[in-house]
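# Notes for the structure review
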Amino acid sequence: MTLEQHISSLAKSAVKDLYDVEATDAQIQLQKTRPEFEGNITLVVFPFVKLARKAPAQVAAEIGEELMKSELVAKYNAVQGFLNLSISDAFWVEQLRAIDADEHYGRFERPSEKALPFKEGEGVGSPLMMVEYSSPNTNKPLHLGHVRNNLLGYSIAKIQEANGWKVVKTNIVNDRGIHICKSMLAWLKFGNGETPESSGKKGDHLIGDYYVRFDKEYKAQIAELTAKGMDEETAKREAPLMLEAQEMLRKWEANDPEVRALWAKMNEWVYAGFDETYKRMGVSFDKIYYESNTYLEGKSEVEKGLASGAFYRREDGSVWADLTKDGLDEKLLLRSDGTSVYMTQDIGTAKLRFQDYPIDKMVYVVGNEQEYHFKVLSILLDRLGFPFGKELVHFSYGMVELPNGKMKSREGTVVDADDLMDKMVSDAREISKDKVNTLQGITEAEADEIARKVGLGALKYFILKVDPRKNMLFNPAESIDFNGNTGPFIQYTYARIQSVLRKSVSPKDGLSSVSDSGLSAEGGLDAKELALIQRLCEYPAAVRTAGDEFSPAVLCNYAYALACDFNSFYHDLSILNEPDEQKKTLRLLLSANVAKILKSAFGLLGIEMPERM
RNA sequence: GGUCCGGUAGCUCAGCUGGAUAGAGCAACAGCCUUCUAAGCUGUGGGUCUCGGGUUCGAAUCCCGACCGGAUCACCA
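Residues numbered from 1 in each chain as written. Chains lettered and ligands numbered in written order. Predicted model: local features only at pLDDT ≥ 70, side-chain atom pairs only at ≥ 80, totals over all residues. Heavy atoms only, no water.

## Focus on the nonpolar core
If you look at the biggest cluster of nonpolar residues, it comprises 149 residues, and the most contacted ones within it are Ile63, Ile87, Leu144, Ile490, Tyr539 and Leu555. Here this core takes 13 residues from helix α22 (residues 581–605), the largest share from any one element. Residues within four places of Ile490 in sequence aside, it is in contact with Tyr461, Ala559, Tyr560, Ala563, Leu598, Phe602 and Met609. Counting 31 residues, the second-largest nonpolar core is a separate cluster that includes Leu306, Ile359, Tyr364 and Val376. (Core = buried A, V, L, I, M, F, W, Y, C linked by side-chain atoms within 4.5 Å. Buried < 20%, exposed > 50% of the residue type's maximum accessible area, 1.4 Å probe, protein only. Helix = DSSP H or I, 4+ residues; strand = E, 2+ residues; numbered from the N terminus. Contact = heavy atoms within 4.5 Å.)

## Section: the sheet that holds strand β6 (residues 166–173)
Sheet architecture is open: 5 strands sit in the order β7-β6-β5-β11-β12, paired in parallel fashion. In the strand order of this sheet, the two ends are held by β7 (287–290) and β12 (393–397), each with one partner. On average, each strand axis in the sheet is tilted by 25 degrees relative to the strand beside it, whichever way the strands run. Across 4 bridges, the pairing between β6 and β7 is parallel. Residue pairing across strands places Ile172 opposite Tyr289, the latter belonging to β7. (Pairing = 2+ DSSP bridges. Axes fitted to C-alpha atoms, helices over the stretch in contact; angles between N-to-C directions.)

## Some thoughts on the protein's contact with RNA strand B
Around RNA strand B there are 63 residues in total, and Asp316, Asp329, Lys435, Tyr492 and Leu573 lie nearest to it. Among all atoms of RNA strand B positioned within 4 Å of the protein, those belonging to sugar or phosphate total 64%. Take Arg335: an N or O atom from its side chain is 2.8 Å from a phosphate oxygen of RNA strand B. Sorting elements by how many residues they give to the surface near RNA strand B places helix α17 (residues 487–503) first, with 7 residues. Its residues assigned to classes, the surface near RNA strand B comprises 26 nonpolar, 21 polar and 16 charged. (Near = heavy atom within 4 Å. Polar contact = N/O pair within 3.5 Å; in protein donor to acceptor, adjacent residues only side chain to side chain. Nonpolar A, V, L, I, M, F, W, Y, C, P; charged D, E, K, R; others polar.)

## As for the pairing of β12
Among the 5 residues of β12, 4 are classified as buried, and the element is accordingly described as predominantly covered. On the question of chirality, the crossover connecting strand β11 (residues 361–367) to the parallel β12 by way of helix α14 (residues 371–383) is right-handed. (Right-handed = clockwise from strand over helix to strand, strands pointing away.)

## Regarding the state of the cysteines
One pass over the structure, following the stated rule, counts 0 disulfides. In this structure Cys537 is a free cysteine whose sulfur lies 18 Å from that of Cys564, the closest cysteine sulfur available. With no disulfide partner, Cys564 has as its closest neighbouring cysteine sulfur the one in Cys556, 13 Å distant. (Disulfide = S-S within 2.5 Å.)

Here it is, written out as structure tokens:
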């Protein structure tokens, strides 16, 4: 039972005894005592003031007196309508012992309340959540916007696992369409047979360069045409390069062997590049879908919908869904030339996924610019008779903005993912050179590995600590900090603890004897020790909230608070030099569990911990 | 124009299911390493929580209305 549950039940009986009223859960308002007052947990007594017909401070004092009958409450003080309770040291020590004994502290066996029912006949097991994230286009390398997507997706998957879900991480690769044709065409025209091997470029960057090249040449053609007096709209439509790209797309759909071969070759280059970036970022997938394999399924679903009357065909042959009854517009599903659009493919992908897995909840990690798309997709799937349509979750996150606005691939105003990771790691390496005292005696390779973890830790934390729903700003001119509320700060706290544990004579013996002999609260807990234990107790709630709200930021905030508490404790109190053996072992045990939970929380964020730094 | 999201310190962000004097980090300034890692700790300055109403014991938080910023409403993805 948590402290809140204990106090809540005690408070209810106190109110019953004193005022003969059954208090509701909503009336029991508990909060952590603010640091400027004495106490650990505070009961807000305003809800009882009216029925007691007494002044708030008096009500608080009366309830406080009543609660003192429990061994749990050691002291109380009443300030206006706030009853501040000091919980007995014995309780806290017992909590620490329990946390230490629990290897999976902060993980839940059962799904959260939001879980859908188990599949019939499946018996025991966790409900299954599929999380789609990343979903790149194959015509350009990953940039900072994708980084946010990937980090959020991966972390959300880990967090939901901790909350009792079985999670399947998935990626839908947008490997076909006009965008890739543009790169292919530019490569054919201007590439002179360049390959990743011949140029030494990563495949995704090479393809991206030709995508940019296409746009440059295309714009030149438009300029040429408008100079001859053509209006801009027509020029955009009639430019030879655009016509060629569209022709190439039609050939692709018609399975033209040459186009298909080129497409396959260039996509391979891109995948090799993506794999490298994913690996470095530390994200992975359990199942990858390709649009080229799902769009036909989508088309056939649309045809079925057409037959059943869910959709309709216009005179020009295009197929539409009328969503005006749902308060939306009409939505195109198939172009007049019969080719499919994004929505068509998403319908097919959804169908295949639900065929492949017993999915209880489908989550799409996709930017908030696509909210309309997912609203429509949900309705369309429902209309096609898929029961999961209404249940899909669009985890809509905010954009990463640069000081001068949004990133635009074609305009070259992007922060490249590979470059950014390089920069972070080399910055970390540079900073570590000043730490000759703590990092002496390690090899170059070890130093590189630490810099890799720290640099990526700084980047990941920087991105994940922001509320995912909000847009965030990244200023390339200012490098990401390694001090203050940052990933490295928390990694540093962890490394410090590891250092202490390494230096304790025989930490294992020391710690196990604590568990055996029984850690006691004799001599009393120091305020810093108590605060740290109380913080450790909050971890499961943080994991739960992060899961319910789909917010890694909650765990960042928690880990930061825990690290702050530890650093304060570490500064004020000695661990290894503490003469009192009882206190020393308690502090060692406490430190070890802080490290355990910091590592656990960072694990849920996808951030690695260095053992020293 | 319709819909959705946001506006908190110079900057980047917490806090938002209503609770005590609104918090961090960065930047600025001042201290702390013969002591377990100074990527740390302590302190100072910095606020009309965009504005105006309302709800109540109590509003940054909830409601209404303005203003400002962003997204979206494609035979793009």
